[in-house]
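One-letter residues, chain by chain:
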Amino acid sequence: MAWLLSLGDIIHNTLVFSTALILAAVGGVFSERSGVVNIALEGLMIVGAFAGAVTAIFLGEGAGWGDAAPYVALAVAALAGMLFALLHAVATVTFRADQVVSGVALNFLAFGFTIFMVKLLFDGAAQTTTIQHPLSEWRIPVLSEIPVIGRALFVAYPTTYLAFLAVAAAYFVLWKTPFGLRLRAVGEHPRAADTLGIHVQRIRYYAVLISGALAGLGGASVALTTTSNFSHSTIAGQGFIALAAMIFGKWHPVGAMLAALFFGLTQAARTIIQVLGLAKVVPVDLINLLPYVVTILVLAGVVGRAEAPAALGKPYVKGGR
Amino acid sequence: MNGTDRRSLQTRFMGLFLKESALVPAVSVVLGLAVGALLMLAGGYDPVAAYGALYEGVFGNLYNFGETIRQVTPLIFTGLSVAFAFRTGLFNIGAEGQFLVGSLAAVWVVVAVDAPAGVHALLALLAGGLAGALWGVVPGYLKAKRGVHEVITTIMMNWIALYLTNYLIRAYLKADAERSVEIRPSASLQADWLSALFDDARIHLGILLALLALVAYYVVLWKTRWGFELRAVGLNPYAAEYAGMDVSRSIVSAMMASGFLAGLGGAAEALGVYGYMAISAIFPGYGFDGIAVALLGGNTPLGILLGAVLFGALNYGANTMQRLADVPIELIRVVIALVIFFVAASGVVRTLVGLFRRTKGKGGVTDGVAS
């Protein structure tokens, strides 16, 4: 029954790797459903990971908050993500900057700024010290004792549960509340929404800020669980995989979640392949490029057509044509 | 398109040195450097000493100057690449990946094919350009035939290039260290006479090729029928289509040309500076800086040259800044990012300039005249 036990491990690892992708991808859904392209997801995750790691380190050790520190760190990371996303909102919504260029610039900015700050805070080192109080896994009583499934599903980081909660909340908010209806309307037909008295720009601000908070949480979940510190390679493209997951998932929270789980599985497979000694047969580099190839195939219509919100990428000018 | 849009397009068209079009890039650079200075102050550094060191690092001696030119060379290629696509209304974020596959193809050809000196280098350069063009075909085709936004596809193509080139080097070209085998000297772009002029700096013949590419960019876009069509599609694809132009073909060919330029840059870098290709977990960054170069240069040949010189100098001088003033080189990455951000959000810059003029003009000039 060894294969069954390792199945539990595969699911467990998939969930660990998918957590950050789910959070950031759902964040992306909010922003893009409102019509604002958000390729700054990578930068938002970097900022979240940085803010989370630094908070956990300073509260955990210096201030002696102990095991409460990582939870405060999550909150700070969400806030940092929102602040950084605010730049994107101001540039694109208020000043109608090209959303893609703004996103590209913010990705750069996040990378340079966080490493600059790390060198400043940690005596010139290129990475933070190790987080002494990272998030520890929650072991759900009774359920975690179930063979295979218990290990797979009921021993997990709190951020994993948070990610699935975010999917449910995003679905509920976007499809079951007036705010969600307005948000989607703004992304499909801002002119019509405006005519109905919806404040297009304000909704877009909210949407971009929500995406910042979620992507920030996603970034912090990486630093506080798998890497236990922050360096230039903490995020290393996961924001772009999240972007891919959002497209693969057709701008729907549940679809994005499923795509993120799939991409998380490929990352889990990487460790498994190494453990099983198959690295010679299946090179890691080729597994790394799988999410990106899949996304291209999706976009090409091979795996199913992706349909973006109609007004995606178009700045809205009140009273314009 | 309303009146103000058309006017800004026209002014952008008329060149870099017209006051209007140079204003935003110039102010953006100043703002970027200013925010960088504020960050240094916040971190307890002396911005005057830091920027002094930066200047010293670029113009301090002949060697540094030659090395700065080496750093500028790839940026001219990637800047031209991004700008070429921009002119056709396309946003090529993929210069990074095209640069990588260009480097790999060039090194591969040198290793696999034997040819006399000179011819060998030309073959390798051609291979690099073609590999980049191939990398541009995918987003171009998907945009033209399937309406897929090129930004997403080029981002994905970048990552595919990064991992694929690493894989290919590991599998087929690997030397002892984390890099490919060395190329043969017959394909090198290094020239002793050129290096000797700059105190043995690693400046190489790629800079001449880059200047040639700048001229070719101008000639193709403004003096040929193909270039006219590409620009027409960039200005208004619907009008271009109505005028009988093949918009799909323009999009694909523009992305190919854009990729060709970036791939050529990658090839020149591999053949001229290192003589091998390294396995790396992160992007070299020239493609991304190319976006900054093109944006700042307003997609004009002269603007691209100036933009490449600026960012190349910042990148190279950052090392001296770190050594002499102890300021981390990442600060320069922040400055470059801010410059892109301010150029993109030119509305922010215009608002700031407006505020500045208004407060300054309170003494004599009326608000109406100032704004």
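Residues numbered from 1 in each chain as written. Chains lettered and ligands numbered in written order. Predicted model: local features only at pLDDT ≥ 70, side-chain atom pairs only at ≥ 80, totals over all residues. Heavy atoms only, no water.

Naming follows an unreviewed UniProt entry, where chain B appears as ABC transporter permease of Calditerricola satsumensis.

Labelled according to an unreviewed UniProt entry, chain A appears under the name ABC transporter permease, originating from Calditerricola satsumensis. Per UniProt, chain A carries the Subcellular location (unreviewed entry) text "Cell membrane". (UniProt positions renumbered as here; feature names shortened; annotations may be inferred.)

Novice: Is there a simple way to explain the overall build of chain A in this structure?
Specialist: The helix and strand inventory of chain A stands at 13 helices and two strands. Its C-alpha atoms give chain A a radius of gyration of 20 Å, near enough to 20 Å, the size a compact globule of 321 residues would have. With respect to the principal axes defined by its C-alpha atoms, chain A has extents near 65 × 50 × 40 Å. A total of 321 residues make up chain A; the buried ones form 56% of that total. Look at the contacts in chain A between residues 6 or more apart in sequence, and 76% of them connect residues 24 or more apart. Looking at chain A as shown, the accessible area adds up to about 12,800 Å², and 69% of this sits on carbon and sulfur atoms. (Helix = DSSP H or I, 4+ residues; strand = E, 2+ residues; numbered from the N terminus. Rg over C-alpha atoms; globule rule 2.2 N^0.38 Å. Buried < 20%, exposed > 50% of the residue type's maximum accessible area, 1.4 Å probe, protein only. Contact = heavy atoms within 4.5 Å. Areas by Shrake-Rupley, 256 points an atom, 1.4 Å probe, with all protein chains shown as cover.)

Novice: Got a minute to help me understand the overall build of chain B in this structure?
Specialist: Helix and strand content of chain B: 17 helices and zero strands. Counting only residues that meet the buried cut, chain B has 57% of its 371 residues in that class. In chain B, the proportion of contacts linking residues at least 24 apart, taken out of those at least 6 apart, comes to 76%. Total accessible area on chain B is roughly 15,900 Å²; 65% of this is exposed by carbon and sulfur atoms.

Novice: Would you mind going over the interface of chain A and chain B with me for this structure?
Specialist: Interface size is commonly expressed as the accessible area that is lost once the parts come together. Counting residues at the interface gives 41 residues for chain A, matched by 44 residues for chain B. Buried surface at the junction of chain A and chain B, summed over both partners, amounts to about 3,700 Å²; 83% is from carbon and sulfur atoms. Per-residue buried area on chain A facing chain B is highest for F108, F116 and D285 of chain A; these three make up 18% of the total on that side. For K119 of chain A, the salt bridge identified is with E330 of chain B, shortest N-O distance 2.9 Å. Listed by contribution, the elements that provide at least two residues to the side of chain A that touches chain B are α3 (69-94), α4 (99-121), α10 (238-248), α12 (284-288) and α13 (290-299) of chain A. (Buried area = accessible area lost by both parts, 1.4 Å probe. Salt bridge = Lys/Arg side-chain N within 4 Å of Asp/Glu carboxyl O.)

Novice: Quick question: what am I supposed to make of the side chain of R33 of chain A here?
Specialist: All names here are of chain A. Examined against the element boundaries, R33 turns out to sit in helix α1 (residues 2-33). One buried charge, R33, has no salt-bridge partner; the nearest side chain with opposite charge is E188, at 4.1 Å. Not counting the four nearest positions on each side in its chain, R33 is found in contact with W175, L183, R184, G187, E188, K250, W251, H252 and P309. (Lys, Arg positive; Asp, Glu negative; His and termini not counted.)

Novice: When you look at the UniProt feature "transmembrane region" (unreviewed entry) in chain B in this model, what are you seeing that I'm missing?
Specialist: Residues and elements named next belong to chain B. Under the present numbering, the feature "transmembrane region" (unreviewed entry) in UniProt falls on residues 21-45, 68-86, 93-113, 119-138, 150-169, 203-221, 302-319 and 331-353. End C-alpha atoms of residues 68-86 are separated by 26 Å, and the span's content is 100% helix alongside 0% strand. A distance of 31 Å separates the end C-alpha atoms of residues 93-113, which is 86% helix and 0% strand.

Novice: I keep staring at the packing of aromatic side chains and nothing clicks. Help me out?
Specialist: Given two aromatic rings, their pairing is described by the distance between the two centres and the angle made by the two planes. In the structure shown here, the tally under the stated rule is 27 aromatic pairs over all chains. When the centroid spacing of 5.9 Å and the interplanar angle of 45° are considered together, the rings of F84 of chain B and W226 of chain B count as tilted. Of the two residues, F84 of chain B is situated in helix α4 (residues 62-87) and W226 of chain B in helix α10 (residues 225-235); the sequence distance between them amounts to 142 residues. Between F341 of chain B and F342 of chain B the ring centres are 6.0 Å apart and the planes differ by 65°, which places this aromatic pair in the edge-to-face class. Across this residue pair, the class does not change: F341 of chain B and F342 of chain B are buried. An aromatic cluster is defined as three or more aromatic residues linked by ring pairs; in this entry it consists of F108, F240 and Y292 of chain A together with W159, Y163, F283 and F288 of chain B. The lysine or arginine in question, R179 of chain B, covers the ring of Y276 of chain B, its NZ or CZ lying 3.9 Å from the ring centre. Positioned over the ring face of F108 of chain A is R333 of chain B, at 5.9 Å from the centre of the ring. (Phe/Tyr/Trp six-rings, centres within 6.5 Å; stacked < 30°, edge-to-face > 60°. Lys NZ or Arg CZ within 6 Å of the ring centre and 35° of its normal.)

Novice: Can you walk me through the UniProt feature "transmembrane region" (unreviewed entry) in chain A in this structure?
Specialist: All names here are of chain A. On the UniProt side, "transmembrane region" (unreviewed entry) is annotated at positions that read residues 12-30, 37-59, 71-93, 100-122, 152-174, 205-224 and 289-308 here. Within the segment residues 100-122, helix and strand shares are 96% and 0% respectively, and the terminal C-alpha atoms sit 33 Å apart. Between the end C-alpha atoms of residues 152-174 the distance is 30 Å, and the span holds 83% helix and 9% strand.

Novice: So what exactly am I meant to see when it comes to the pattern of salt bridges here?
Specialist: Two side chains of opposite charge can pair, provided their charged atoms sit close to one another. Residues and elements named next belong to chain B. In this structure the tally under the stated criterion is eight salt bridges over all chains. For R70, the salt bridge goes to E67, with nearest N and O atoms at 2.9 Å. On the criterion of helical spacing, the pair formed by R70 and E67 is a turn pair, its members being three residues apart in helix α4. The exposure classification of R70 matches that of E67, with both residues buried. Through salt bridges with shared partners, one network takes in E67, R70 and R202.

Novice: Where do I start with α4 of chain B in this structure?
Specialist: One turn of the α-helix equals 3.6 residues, which is why residues spaced by three or four share an orientation. Here α4 of chain B is 26 residues long and its end C-alpha atoms lie 36 Å apart, about the 38 Å a rise of 1.5 Å per residue gives. The distance from a side-chain oxygen at the start of α4 of chain B to the backbone nitrogen of Y63 of chain B is 3.2 Å, and the residue carrying that oxygen is N61 of chain B. (Expected span 1.5 Å × (residues − 1). Polar contact = N/O pair within 3.5 Å; in protein donor to acceptor, adjacent residues only side chain to side chain.)

Novice: Would you mind going over the nonpolar core with me for this structure?
Specialist: Taken as a class, soluble globular proteins show a tendency for nonpolar side chains to be buried jointly. If you look at the biggest cluster of nonpolar residues, it comprises 221 residues, and the most contacted ones within it are I39 of chain A together with I93, I155, F311 and V327 of chain B. Among the elements that make up this core, the one with the highest residue count is helix α7 (residues 150-173) of chain B (14 residues). Not counting residues within four places of it along the chain, the set of residues in contact with V327 of chain B comprises F116 of chain A together with M40, Y45, A50, M321 and Q322 of chain B. (Core = buried A, V, L, I, M, F, W, Y, C linked by side-chain atoms within 4.5 Å.)

Novice: Teacher, can you tell me more about unusual backbone geometry here?
Specialist: Leave glycine aside and you will find that most residues have negative phi; peptide bonds, for their part, are mostly trans. Residue and element names in this part refer to chain A. With phi around 50°, D123 is a residue other than glycine that occupies positive phi space. As for its position among the elements, D123 is in the loop between α4 and β1 (138-139). A positive phi angle, close to 60°, is found at S228, a residue other than glycine. Checked against the element boundaries, S228 lands in the loop between α9 (200-227) and α10. By relative accessible area, S228 is classed as buried at 17%.

Novice: Whenever I open this one, the confidence of the model for chain B confuses me. Can you help?
Specialist: Keep in mind that low pLDDT regions are not for reading the predicted coordinates in detail. Residue and element names in this part refer to chain B. Mean pLDDT for chain B: 87, with 91% of residues reaching 70 or above. Ignoring residues within four places in sequence, the model shows residues 12-19, a span with pLDDT below 50, making 15 contacts including any to other chains. Low pLDDT (under 50) marks residues 363-371, which in the prediction has four contacts with non-local residues, meaning those over four places away or in another chain. Per the prediction output, this complex has pTM 0.89; the corresponding ipTM is 0.89. (pLDDT = per-residue confidence, 0-100.)

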